Amino acid sequence: LDLAQVGQMTFMKPDHEKYPCIGLAYEAGRAGGTMTAVLNAANEAANEMFREDVGLGFLDIPKLIESAMEAHKDDHKVKDVTLEDILACDAWARQHVLEQSETMKST
């Protein structure tokens with residue numbers, strides 16, 4: 001991308017209704033700590049399942065991410081976060097999304 005050739009770029013305010021994951025990302029960023037790891041792992045897991053066509057719709061992705069973030073609130077860690085904490089949250093969020101997706105597919 002040659003920005004000099006582009007010359008001018010216009011940005012618009014994001015549409016949070018159309019793109020609900022933007023709001024979830026802001027929420028995780030404000031929460032900090034392990035919440036960002038949960039958001040990232042849930043997003044990766046949900047997107048992977050969607051691409052594998054296991055019966056989830058595109059609009060299920062933000063629902064699964066939000067579910068993981070909500071379920072993580074009681075275990076959310078902000079201070080003295082270690083690599084082990086991040087890896088544990090990553091694994092937990094991926095498992096949570098898998099379990100929740102099974103519930104969503106059966107309804």
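Residues numbered from 1 in each chain as written. Predicted model: local features only at pLDDT ≥ 70, side-chain atom pairs only at ≥ 80, totals over all residues. Heavy atoms only, no water.

1. Focus on the packing of helix α3 (residues 35-51) against helix α4 (residues 60-72)
Note the cut-off: Each axis is a line fitted through C-alpha atoms, taken for helices only over the stretch in contact, and angles between the N-to-C directions span 0 to 180 degrees. For helices the rule is a DSSP run of H or I covering at least 4 residues; for strands it is a run of E covering at least 2, with both sets numbered from the N terminus onward. Any angle that falls under 35 degrees is termed roughly parallel, while one over 145 is termed roughly antiparallel, one within 65 to 115 roughly perpendicular, and all others oblique. Crossing handedness follows the turn of the near helix against the far one: under a right angle anticlockwise gives a left-handed crossing, and clockwise gives a right-handed one. Contacts are residue-level and defined by heavy atoms, with any inter-residue pair within 4.5 Å sufficient.
Where α3 meets α4, the axes come as close as 9 Å, and the angle between the chain directions of the two elements is 150°. One way to sum up the angle between α3 and α4 is to call them roughly antiparallel. Here the hand of the crossing between α3 and α4 comes out right-handed. Contacts between α3 and α4 involve M35, V38, L39, A42, N43, A46, N47 and F50 on the former and, on the latter, I61, L64, I65, A68, M69 and H72.

2. Examining a nonpolar patch on the surface
Put simply, the test is: Excluding any residue in a salt bridge, patches collect residues exceeding 30% relative accessible area, merging like charges within 9 Å and nonpolar Val, Leu, Ile, Met, Phe, Trp and Tyr side chains within 5 Å. Per-residue and other accessible areas follow the Shrake-Rupley method at a 1.4 Å probe size, with only the shown protein chains counted as cover for residues. Between Lys or Arg on one side and Asp or Glu on the other, a salt bridge is scored when a side-chain nitrogen of the former is within 4 Å of a carboxyl oxygen of the latter.
Residues L1, L3, V6, M9 and F11 make up a contiguous nonpolar surface patch of roughly 610 Å² in combined accessible area. Position of L3 relative to the elements: it lies in helix α1 (residues 3-6).

3. Things to note about unusual backbone geometry
Under the convention used in this document: Throughout this description, buried means an accessible area under 20% of the type-specific maximum (1.4 Å probe, protein chains only), exposed means over 50%, and partly exposed covers the range between.
In the Ramachandran plot, D53 falls in the positive-phi region, its phi being about 55° despite a non-glycine side chain. Here D53 is to be found in the loop between α3 and α4. Note on D53: relative accessible area 64%, which makes it exposed. Positioned with a positive phi, D80 is a non-glycine residue whose angle comes to about 55°.

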